[in-house]
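# Examining the three-dimensional arrangement
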Amino acid sequence: MTALKIYHLIGADGGGTKTRVAVCPLGSDELLFDRSYGPSNYQTAGESAVTEVFRQIAEDLRRLFGTDLDRAVLAAGLAGVDRPKDAVVYRRILQNAGFSGPLAVYNDMDTALAGAHAGGDGLYLNCGTGSIAVGRVGGRTVRAGGWGALFGDEGSGYRLGLEAVTAVFRAYDRVGPATCLTELVLDTLGLSEVPELLELACGAEALPVGSLASLAPLVTQNSDRDGVCRAIVDAQAELLAQLVSGVVRQLDAGGLPLALGGSLLIKSEPYRVAFLYALSRRIPSITVRAPLNDPIKGALTLARRLAEELEV
């Protein structure tokens, strides 16, 4: 059997907001193409819309690389790849869009992990609107969290916002302590009375994830002066640390470095400090560092790994 001659590596990093695609030659890190397109989470945008996004990508790449596109390895890290059937859907989308070369579909956290540790072993925690922890040792990758707003997203912006609104209702009913969150939450949402917060549960969304996550800064920014905010931050930071601990236990490997990602951990120093304190109590020896590379570099790393498996 003759091995397929591979000329290029294609990396894709896609989610509910945008899809970034980059191309480099096999054996080089030089980016020949780096461009962003529309969203590519089929669970929110729909399969046909995501197919059109990747069809445009394939057309742009074919204009640049011609028939060499058929001799390119594609590694796509995409949001929503949580079950085997999700990967099947994305493979169908990519093939229908015009990608005929070797390809592999991953969860977007797999590409973030590969980028964060330059393809090596390590841990990665993402905390923004949602939350998920992943880790890799010797070719084995595991996860904890990432089960969505209904069943998971511990320590996330969504959970902070949900706890904030719950605290406001409890203060209103005089079953919980008074908190500055009452005025702040109402002002932020343009409401005048606490009962109007019920409108959050009556909107178009099944769960008002985005609206609640937007309230997270109210909690973190006031955690040094409001006891309710402090309690929320400490409790959610502890849950976030538990996700990392869960990954470490699954891998049964100590001494792995942890890289952090996601807007909540990166932009909120009070929350990051609370999380690092909670984490140090659970895993005293853990090393936390900035990601070595971004997710698109991680996707290219996985594409290179796939090319090597094809014995190119």
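To be clear, the structure that these remarks concern was listed above.
Residues numbered from 1 in each chain as written. Predicted model: local features only at pLDDT ≥ 70, side-chain atom pairs only at ≥ 80, totals over all residues. Heavy atoms only, no water.

Attention shifts here to the overall build of the chain. For the chain, the count of helices and strands is 13 helices and ten strands. Since a compact globule built from 312 residues should have a radius of gyration of about 20 Å, the 22 Å found for the chain is in line with a globular shape. C-alpha atoms of the chain, sized along the principal axes, occupy 75 × 45 × 30 Å. Taken over 312 residues, the chain has a buried fraction of 50%. Within the chain, counting contacts between residues at least 6 apart in sequence, those at least 24 apart form 67% of the total. Just so you have it, the chain exposes about 14500 Å², and 52% of that area is on carbon and sulfur atoms. The chain carries 29 positive and 35 negative side-chain charges, and their two centres are separated by 5 Å. (Helix = DSSP H or I, 4+ residues; strand = E, 2+ residues; numbered from the N terminus. Rg over C-alpha atoms; globule rule 2.2 N^0.38 Å. Buried < 20%, exposed > 50% of the residue type's maximum accessible area, 1.4 Å probe, protein only. Contact = heavy atoms within 4.5 Å. Areas by Shrake-Rupley, 256 points an atom, 1.4 Å probe, with all protein chains shown as cover. Lys, Arg positive; Asp, Glu negative; His and termini not counted. Charge placed at Lys NZ, Arg CZ, Asp CG, Glu CD.)

Note on placement: Ser223 falls in the loop between helix 9 (216–221) and helix 10 (227–251). In this structure Ser223 comes out as buried when scored by relative accessible area, which is 5%. For Ser223, the side chain forms a polar contact with the main-chain oxygen of Thr220, separated by 3.0 Å. Discounting residues that sit within four places of it in the chain, Ser223 has contacts with Cys229, Arg230, Val233 and Pro270. (Polar contact = N/O pair within 3.5 Å; in protein donor to acceptor, adjacent residues only side chain to side chain.)

To continue, consider helix 7 (residues 181–189). Within the sequence span of helix 7, burial applies to Leu181, Val185 and Leu186. Within helix 7, the buried residues cover an arc of 120 degrees as seen down the axis, which keeps them to one side. Opposite the packed face of helix 7, turned more than 90 degrees from it, sit the exposed residues Glu183 and Asp187. (Arc of directions from axis to C-beta.)

One open sheet holds the five strands; their spatial order is 8-7-6-9-10, and the pairing between them is mixed. What marks the edges here is a single partner per strand, and that holds for strand 8 (140–145) and strand 10 (288–289). As paired strands, strand 7 (residues 131–137) and strand 8 are joined by six bridges and run antiparallel to one another. Across the sheet, residue Ile132 finds its bridge partner in strand 8, namely Gly145. The strands touched by helix 12 (residues 269–282) are strand 6 (122–127), strand 9 (258–261) and strand 10; relative to strand 9, the strand with the most contacts, the crossing angle is about 155 degrees. (Pairing = 2+ DSSP bridges. Axes fitted to C-alpha atoms, helices over the stretch in contact; angles between N-to-C directions.)

Take the pairing of strand 1 (residues 8–14) next. The buried fraction of strand 1 is high, at six of seven residues. Pairing of strand 1 with strand 2 (residues 19–25) involves seven bridges; the strand directions are antiparallel. Pairing of Gly11 across the sheet is with Ala22, part of strand 2. From the end of strand 1 to the start of strand 2, which pair antiparallel, there are four residues. Bridging between strand 1 and strand 4 (residues 72–78) involves seven bridges; their strand directions are parallel. Paired with Leu9 across the strands is Val73, a residue of strand 4.

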